[in-house]
Amino acid sequence: MGAQVSTQQRSSDHGEVLSVHSLDKWNTQFQNSKTSNKLMVIDFSAAWCGPCKFIEPAVHDLAVEFTDVDFIKIDIDELPDVAKDFDVQAMPTFVLLKKGKERDRIVGVKKDELHRLIEKHRF
Amino acid sequence: MAVSGFEGFEKRLELEFSCHDPVFGIGLREVDFNSLEQVLHLVQCTVVSALGNQHFDSYVLSESSLFVYPTKIIIKTCGTTQLLKSVQPFIHLARTLNLHIVALRYTRGSFIFPQAQPHPHTSFHEEVVYLEDNIPANLCYRKASVIPSKLTSHSWHVFSAALVEYSDDILYTVEVCMTDLDQTLARKFFRHPNDGKNGDSAGREMTEATGINRINPNAQICDFAFDPCGYSMNAIDGDRYSTIHVTPEDGFSYASFECVGSVYDGDIADMVKKAVKVFCPGTVSVATTSASNEMCMRIKNAVEQLGIKCRSWSMDEFPAAGTVVFQTFTSRRNRI
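What you are looking at is a predicted structure, and each value in this text was computed from that prediction instead of being measured.

Rules of the game
- Residue positions within a chain follow its written sequence, with the count starting from 1.
- Labels follow written order: the first chain is A, the first ligand is 1, and so on.
- In view of the model being predicted, local features appear only for residues whose pLDDT reaches at least 70, and side-chain atom pairs are presented and counted only at 80 or more, with totals across whole chains, interfaces and linings using the full set of residues.
- Calculated side-chain values reflect all of the structure's heavy atoms, with hydrogen atoms and water omitted.
- Only protein chains enter the area calculation, which uses a 1.4 Å probe; residues under 20% of their type maximum are buried, those over 50% are exposed, and those in between are partly exposed.
- By the criteria applied, helices consist of DSSP H or I runs no shorter than four residues and strands consist of E runs no shorter than two, each listed in order from the N terminus.
- At least two DSSP bridges between two strands are required for those strands to pair.
- By convention a crossover is right-handed if, when the strands point away from the viewer, the path from the first strand over the helix to the second runs clockwise.
- Salt bridges are defined as contacts in which a side-chain nitrogen from Lys or Arg sits within 4 Å of a carboxyl oxygen from Asp or Glu.
- The contact criterion used throughout is that any non-hydrogen atoms of two residues lie within 4.5 Å.
- The quantity reported as buried area is the accessible area (1.4 Å probe) lost by two parts once they are put together, taken as the sum for both.
- Whenever a nitrogen or oxygen atom comes within 3.5 Å of another N or O atom, the pair is scored as a polar contact, on the condition that within protein one atom can donate a hydrogen and the other can accept it, and that pairs from neighbouring residues in sequence are kept only if both atoms are in side chains.

1. Looking at the pairing of strand E2 (residues 39-45) of chain A
Residues and elements named next belong to chain A. Most of E2 is tucked away: 7 of the 7 residues are buried. Side chains Leu39, Val41, Asp43 and Ser45 of E2 all project onto a buried face; the interleaved residues Met40, Ile42 and Phe44 project onto the opposite face, where all are buried too. When E2 meets strand E4 (residues 93-98), the two strands line up antiparallel, connected through 6 bridges. From the neighbouring strand, Asp43 faces E4, where its bridge partner is Phe94. Sheet analysis places E2 next to strand E3 (residues 70-75), joined by 6 bridges and oriented parallel. Bridge pairing in E3 places Ser45 opposite Asp75. Considered for its hand, the β-α-β crossover made up of E2, helix H2 (residues 50-65) and E3 is right-handed.

Okay, structure coming up:
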């Protein structure tokens, strides 16, 4: 009951991971990040990568826990140029962005460390 | 040597598969994670961290490592894990993807605490019997052998089986086992109480503090520090892995370094030397599979540059795997 959800809220505010499939969509997200105070966590993954599948549920849990953080998922086969821009060499790679600048990154499945860094950079 | 303690020496299994259909995509990487976890559960280990690239997936386990390539599985476990129990399940999982086993290789050193090992690892004989019972009959090029050294506590056990006879390969494997680690260096692999770190960040710190990240600066590393001590890492570089596991406790200290080399490139000998230097062990054994004599010599010379002397060089030929060379080295403080 109670408040109507604002139609302008992005789906990530409901604790979801937003999959970005096009360059246009990514550019929009990136511009949004530059003008907001919100932490953005980019999950670079690939469909054929076992470790990426392994950590997927944990990333969803983090998105639910940290609703004030934007979670973006990028498939490196769909957006290879973005992966190259961020120098992604192995997967999963998590890049933490604030105001469009990289604050930290994690290469590999490191759930505890990802949780710690999100807490560290979210405010 | 302690009366009992954690067994650092690993058991290593390598399974190779092939498909009748030439277009098999990502092969074994298709196996869903739940199924992998079930097999790992049988072997009494769990996934602690993971990292992949376009060539293969790597997993750091609670008891060593797992590598999954499209047509190859390499699993290495220590402690009292029943590694061979994974053979049937892996063969079965592969079959669901229309992949059939074409070769298998099982290797290990000598256990520090052999009496602590459960079935089927209570003796090499028992392991061989178990393997023969659990692999298909068409892997007919088989051989089991214990390669000795001058040290009674260090032998190299090999069982290999394949569908066809081995022919020259581009890649070779190097398995390094180190015992009696320098205690000052081994202490770097103990967690500090109340360090405010987790296993991931503590592992990263150990990787950098010990220079492990400089063994192959090209590689991406996936590391983990266990509580209260112990360390594991997988490094991925293109289609090649390297892996290090450390049991630092005095009395049964142990560290292993394993990597893959190619006849075309890579200075494996230098990598082996850097890895051994991290630990300054009293005893080192180096087992190579399918490596040239020349490469074995280069590794020997590189290790000896650390003031560790080669005490034995033995070898054996395997119809399914080529030549296995087993060298042992001891430092001056361990002269026999």
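2. Some words on the pattern of salt bridges
For the structure shown, the criterion picks out 25 salt bridges over all chains. Notably, a salt bridge pairs Lys38(A) with Asp70(A), separated by 3.2 Å at the nearest N-O pair. Highlighted residues: Lys38(A) in the loop between helix H1 (23-34) and E2 and Asp70(A) in strand E3, separated in sequence by 32 residues. The residues Lys38(A) and Asp70(A) share a single accessibility class, namely buried. Each member of the salt-bridge network shares a partner with another, and the members are Arg12(B), Glu14(B), Lys72(B), Lys76(B), Arg105(B) and Glu258(B).

3. Topic: the interface of chain A and chain B
Between chain A and chain B, the residue contacts involve 18 residues of the former and 22 residues of the latter. Counting the surface lost from both chain A and chain B, the interface buries some 1600 Å², and carbon and sulfur atoms represent 57% of this. Of all residues in chain A, the largest losses of buried area upon contact with chain B belong to Trp48(A), Phe54(A) and Lys110(A), amounting jointly to 37% of the total for that side. The interface formed by chain A and chain B holds 2 salt bridges in total. A salt bridge links Asp223(B) to Lys110(A), with the shortest nitrogen-to-oxygen separation between them at 3.3 Å. Inspection of the chain A/chain B interface yields 10 residue pairs in polar contact (both at pLDDT 80 or more).

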